[in-house]
Amino acid sequence: MIIAHSIKELNCSLEKILKNKLITGFVPTMGALHQGHISLVRHAKQENDFVVTSIFVNPTQFNNPDDLEKYPRMPEKDIEMLDEAGCDLVFLPSTDEVYPGKDDTTYDFGRLEDVLEGKFRPGHFKGVGMVVKRLFEMVKPHNAYFGLKDYQQFLVIKKLVEQFNIPVKVIGCPTIRENDGLAMSSRNLRLSDEQRNAAPLIFECLQFIKKNFPKKSIQEWKQWFVDKINSNQFLEVEYIEIVDANTLLDIDNDKPNAEKVICTAVFAGDIRLIDNVLINY
Ligand code: AMP
């Protein structure tokens, strides 16, 4: 596996790839890798000749400086895992190379930006848009792989590509979970034993709503979820929404059968866990 720390090193490898007309798949990450990330690499490996993974903890998408500072970093272990998964190149750019100057670009994600995560993490998706656009410009992939664990982010990236006509196919991959259902996340590393034991309740409740959805109204389910989660002393709901899976807006009464998504953010102490499930009936 090639390790590139700079754009120059990256370009050196990409030149050969382009010359040989190889198809490139790209997996952007912030490191502290787990099997969720690795599943994206494996997916990319199946569909491309050459797979690039980036590791960059992007400061512009953190609205909370403490979260940025505490974000786990373990590049050596990440590199080992990527090598094992068959990644061809890992790109570890510096902040100066990703952000050489002020970015005056206007990003327009429409209403997607104002709801769910956007409401609670102001500026977050602009930061995501900035870094992914920059990385796409640098890596120039044919295909890019994102986890549906960050469902809203996936929709935002599709909008980004549309807005700037970026010639890349954006592919969403299923959420990978621990055996007890907890969605894998780099932030799980920071959970205490008690918080870790409590956290699977989030997915358990989401699954319960999915299975029993017709039995209650959306308002009733939201209240049910808050009561269930908040009755656990280690968890506290920040938000729970059940919305149209394409627009992330309230379900249109004229389209009761539209695909829906339940999205939530739950705090375990100061660690923020997000999860979602799709409901397609
Ligand atoms: P991150 O390093 O958290 O920015 O995530 C990098 C990519 O991995 C994003 O596309 C995430 O959606 C994806 N990802 C993170 N956790 C999971 C998971 N549990 N299952 C599938 N994909 C994931």
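Our structure's up above, just so we're on the same page.
Structural notes, computed from the coordinates. The model shown is predicted, which means the values in this text are computed figures rather than measured ones. (Residues numbered from 1 in each chain as written. Predicted model: local features only at pLDDT ≥ 70, side-chain atom pairs only at ≥ 80, totals over all residues. Heavy atoms only, no water.)

What follows concerns the site of the ligand. The full set close to the ligand counts 17 residues, and Met30, Gly147, Asp150, Ile176 and Met184 are the nearest of them. Measuring from an oxygen atom of the ligand, one finds a side-chain N or O atom of Asp150 at 2.6 Å. One of the backbone N or O atoms of Met184 is found 2.9 Å from a nitrogen atom in the ligand. Relative to its unbound accessible surface of 480 Å², the ligand loses 92% to contact with the protein. More than half of the atoms belonging to the ligand lie within 2 Å of the grid points that define the largest cavity. Of all elements in the fold, only β2 (24-29), α2 (35-47) and β5 (143-147) reach the threshold of two or more residues within the shell around the ligand. Examining the composition of the shell around the ligand, we find that three residues originate from one element, α2, more than from any other. Residues belonging to the shell around the ligand are distributed by class as follows: eight nonpolar, seven polar and two charged. (Near = heavy atom within 4 Å. Polar contact = N/O pair within 3.5 Å; in protein donor to acceptor, adjacent residues only side chain to side chain. Areas by Shrake-Rupley, 256 points an atom, 1.4 Å probe, with all protein chains shown as cover. 1 Å grid on protein atoms, 1.4 Å probe; cavity = no way out; pocket = protein on both sides within 12 Å on 5 of 7 lines; lining within 4 Å. Sits in = over half its atoms within 2 Å of the grid points. Helix = DSSP H or I, 4+ residues; strand = E, 2+ residues; numbered from the N terminus. Nonpolar A, V, L, I, M, F, W, Y, C, P; charged D, E, K, R; others polar.)

What follows concerns the sheet that holds strand β1 (residues 2-4). Across the sheet, which stays open at both edges, the six strands sit in the order β1-β4-β3-β2-β5-β6 with parallel pairing between neighbours. In this open sheet, the two strands that pair with only one neighbour each are β1 and β6 (169-173). Mean inter-strand twist for the sheet, computed between neighbouring axes without regard to direction, equals 25°. Here strand β3 (residues 50-55) runs beside strand β4 (residues 89-91); their pairing, made up of three bridges, is parallel. Directly across from Thr53, in β4, lies its bridge partner Val90. Running over the sheet, helix α4 (residues 75-85) touches β1, β3 and β4 and is turned about 165° from β3. The strands touched by helix α7 (residues 124-139) within the sheet are β2, β3, β4 and β5, with β2 carrying the most contacts at an inclination of about 145°. (Pairing = 2+ DSSP bridges. Axes fitted to C-alpha atoms, helices over the stretch in contact; angles between N-to-C directions. Contact = heavy atoms within 4.5 Å.)

Take the pattern of salt bridges next. Counting across every chain of the model gives 14 salt bridges. The closest approach of N and O atoms between Asp275 and Arg177, which form a salt bridge, is 2.9 Å. Pair noted here: Asp275 is in strand β9 (residues 271-279) and Arg177 is in the loop between β6 and α9 (193-198), with a separation of 98 residues, a long-range link. The salt bridge involving Glu241 is made with Lys222; its shortest N-O contact spans 3.0 Å. Of the two residues, Glu241 sits in strand β7 (residues 236-244) while Lys222 sits in helix α11 (residues 218-230), which places them 19 residues apart along the sequence. (Salt bridge = Lys/Arg side-chain N within 4 Å of Asp/Glu carboxyl O.)

Here we take up the nonpolar core. By size, the foremost hydrophobic cluster in this structure holds 46 residues, and its most contacted members are Leu10, Phe91, Val132, Phe136, Phe146, Ile157 and Leu248. Within the residue set of this core, elements represented by two or more residues are α1 (7-19), β3, β4, α7, β5, α8 (151-163), β7 and β8 (260-268). With nine residues, the top contributor of residues to this core is α7. Beyond its immediate stretch of four places on either side in the chain, Ile157 contacts Val128, Val132, Phe136, Phe146 and Val170. Trp224, Ile229, Leu235 and Ile271 belong to the second-largest nonpolar core, a separate cluster that totals 26 residues. (Core = buried A, V, L, I, M, F, W, Y, C linked by side-chain atoms within 4.5 Å. Buried < 20%, exposed > 50% of the residue type's maximum accessible area, 1.4 Å probe, protein only.)

Geometric descriptors of this kind do not, in isolation, establish any biological role.
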